[in-house]
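Topology and contacts: notes
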Amino acid sequence: MTRTTVEINLDQIHDDEANDETANFLPPASAPTSVSVTLPKAMASEDKKHKHKPHTVSPLFQNLTTAAHACILLYVTLIIYFCFSGDFQFFTWHPLLLSIGWVFLMSEGILSLAKDNILTGTLPKLIRLRLHWIFQTIGLVLILIGFTVVFLNKNYLNKTHFKSWHGLFGFIGVVCSVPTCLDGILALYHGALRHYIRPRINKFLHIASGVATFVFGGLALILSVYTNWFARHSDNNILTFVVGLALVSVAVVWTLVPPAIACCRHIKGLLEVKTQ
């Protein structure tokens, strides 16, 4: 049987990083160590055959992601219009910063990782990851400022905090966003931390906490169209209410789809490893 020699990089053999899509931003500690092993030519050919199959972009998913982009942009534009259509008060910073920080930056930061995204899907993995954490970081800063605004405003007016479902879900989302951000830092440097926590578990924790964060924050966003502020600035127009509800619902639901699918895949992968 004809035989061929294959070079194997020992530094690239980690317990479960073979299919991990998160890049390691830290340089290697030492030069890679390589060994030569002789394998049958048929086996080498089979190995190349199954190595990194190209991702097939779904036209349906691509169109839905594009629709989510449009809904995000239109809803944020609507809220900004409301903010500046009347007297700009201290409380106005809350819907303004939350619409930009959560609806726009957080949502687009998540969608930037999707390969079905016509805006970023063809970019290199490192660029998509960089866009993700930049959008998320700026978004989190704006969200925390916006949350502080509504907290101080309620204190000034002697109103009860977290009395509505909108306020309660928003509070839970903000609280969850902080550990999610910290998880993201750990996931970003998963390669350097692989001796302390398995990269797959590291990444799963970040995705799972991110999904939980966006679920609660998304519920608060959807309920925002039921608030007195939205009703007052839309003049209680039922058409504006329906349009706003549809825009924010599509934006929130479809933004959650890619990380939810990734979370399920990680759970399946972890269960398969345990059963082996």
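Now for a quick tour of the structure. Computed from a prediction, not measured in an experiment: that's the story for all the values here.

Counting secondary structure elements, the protein contains 8 helices and 2 strands. In the protein, the succession of α and β elements from N to C terminus is β-β-α-α-α-α-α-α-α-α. Residue burial in the protein is summarised as follows: out of 276 residues, 37% are buried. In the form shown here, the protein has an accessible surface area of approximately 16500 Å², with 66% of it arising from carbon and sulfur atoms.

In this section: the packing of aromatic side chains. A full pass over the atoms with the stated rule returns 14 aromatic pairs. Ring centres 5.2 Å apart and planes at 70° place the aromatic pair Phe61 and Trp254 in the edge-to-face group. Residue Phe61 is located in helix H2 (residues 59-85), and its partner Trp254 is located in helix H8 (residues 238-275); the two are separated by 193 residues in the primary sequence. Phe61 gets classed as partly exposed once you look at its relative accessible area, which sits at 28%.

A few words on a nonpolar patch on the surface. On the surface, Phe84, Phe88, Phe90, Trp93, Phe151, Leu152, Phe162, Phe171 and Val175 cluster together into a nonpolar patch covering about 810 Å² of accessible area. With respect to the helices, strands and loops of the structure, Phe84 is situated in helix H2.

Once that is clear, we can look at the side chain of Ser112. Inspection of the secondary structure puts Ser112 in the loop between helix H3 (93-111) and helix H4 (125-156). Excluding residues that lie within four positions of it along the chain, Ser112 makes contacts with Asn117, Thr120, Arg128, Leu131 and His132.

Here we come to the packing of helix H5 (residues 165-188) against helix H6 (residues 199-223). Interhelical geometry of H5 versus H6 gives an angle of 155° and a closest axis separation of 7 Å. As summarised for this structure, H5 and H6 are arranged roughly antiparallel, according to the angle between their axes. Along this stretch, H5 crosses H6, giving a crossing that reads as left-handed. Residues belonging to the contact of H5 with H6 are distributed by class as follows: 11 nonpolar, 12 polar and 1 charged.

Before going further, it helps to examine the nonpolar core. Of all hydrophobic cores here, the largest spans 38 residues; its most connected members are Tyr75, Ile79, Trp102, Phe214, Phe230, Val248 and Val252. Every element with two or more residues in this core is listed here: H2, H3, H4, H6, helix H7 (228-233) and H8. In terms of residue count, H2 provides more of this core than any other element does, 9 residues in total. Those residues in contact with Tyr75 that lie beyond four places of it in its chain are Val103, Leu221, Ser224, Val225, Gly244, Leu247 and Val248.

Most peptide bonds adopt trans geometry, and most residues besides glycine take a negative phi value. Not every positive phi belongs to a glycine, and Asn158 is a case in point at roughly 55°. Along the polypeptide, Asn158 turns up in the loop between H4 and H5. Looking at Asn158, the relative accessible area reads 72%, which means it is exposed. Backbone geometry at Phe162 places phi at a positive 55°, although glycine is not the residue there. Here Phe162 shows up in the loop between H4 and H5. The class of Phe162 is partly exposed, set by a relative accessible area of 31%.

This part is about the layout of surface pockets. Taken as a whole, the second largest pocket encloses approximately 1200 Å³ of empty space. Lining the second largest pocket are 42 residues, with Phe91, His94, Val150, His166 and Thr227 positioned closest to its centre. Where the lining of the second largest pocket is concerned, the elements lending two or more residues are H2, H3, H4, H5, H6 and H7. Residues that form the lining of the second largest pocket fall into these classes: 22 nonpolar, 15 polar and 5 charged.

So, on to the side chain of Ser107. Structurally, the position occupied by Ser107 is in helix H3. For Ser107, a relative accessible area of 2% translates into the label buried.

The terminal C-alpha atoms of H5 lie 34 Å apart, and with 24 residues this matches the ideal 34 Å at 1.5 Å per residue to within 8%. When H5 is considered as a whole, its buried residues turn out to be Phe169, Gly170, Gly173, Val174, Ser177, Thr180, Asp183, Gly184, Ala187 and Leu188. Looking at the buried side of H5, the elements it contacts are H3, H4 and H6.

Conventions adopted
Residues numbered from 1 in each chain as written. Predicted model: local features only at pLDDT ≥ 70, side-chain atom pairs only at ≥ 80, totals over all residues. Heavy atoms only, no water. Helix = DSSP H or I, 4+ residues; strand = E, 2+ residues; numbered from the N terminus. Buried < 20%, exposed > 50% of the residue type's maximum accessible area, 1.4 Å probe, protein only. Areas by Shrake-Rupley, 256 points an atom, 1.4 Å probe, with all protein chains shown as cover. Phe/Tyr/Trp six-rings, centres within 6.5 Å; stacked < 30°, edge-to-face > 60°. Patch = residues over 30% accessible without salt bridge, like charges linked within 9 Å, V, L, I, M, F, W, Y side chains within 5 Å. Salt bridge = Lys/Arg side-chain N within 4 Å of Asp/Glu carboxyl O. Contact = heavy atoms within 4.5 Å. Axes fitted to C-alpha atoms, helices over the stretch in contact; angles between N-to-C directions. Parallel < 35°, antiparallel > 145°, perpendicular 65-115°, else oblique. Left-handed = near helix turned anticlockwise from the far one by under 90°. Nonpolar A, V, L, I, M, F, W, Y, C, P; charged D, E, K, R; others polar. Core = buried A, V, L, I, M, F, W, Y, C linked by side-chain atoms within 4.5 Å. 1 Å grid on protein atoms, 1.4 Å probe; cavity = no way out; pocket = protein on both sides within 12 Å on 5 of 7 lines; lining within 4 Å. Points joined across faces, edges and corners; volume = space filled by probe spheres on them. Expected span 1.5 Å × (residues − 1).

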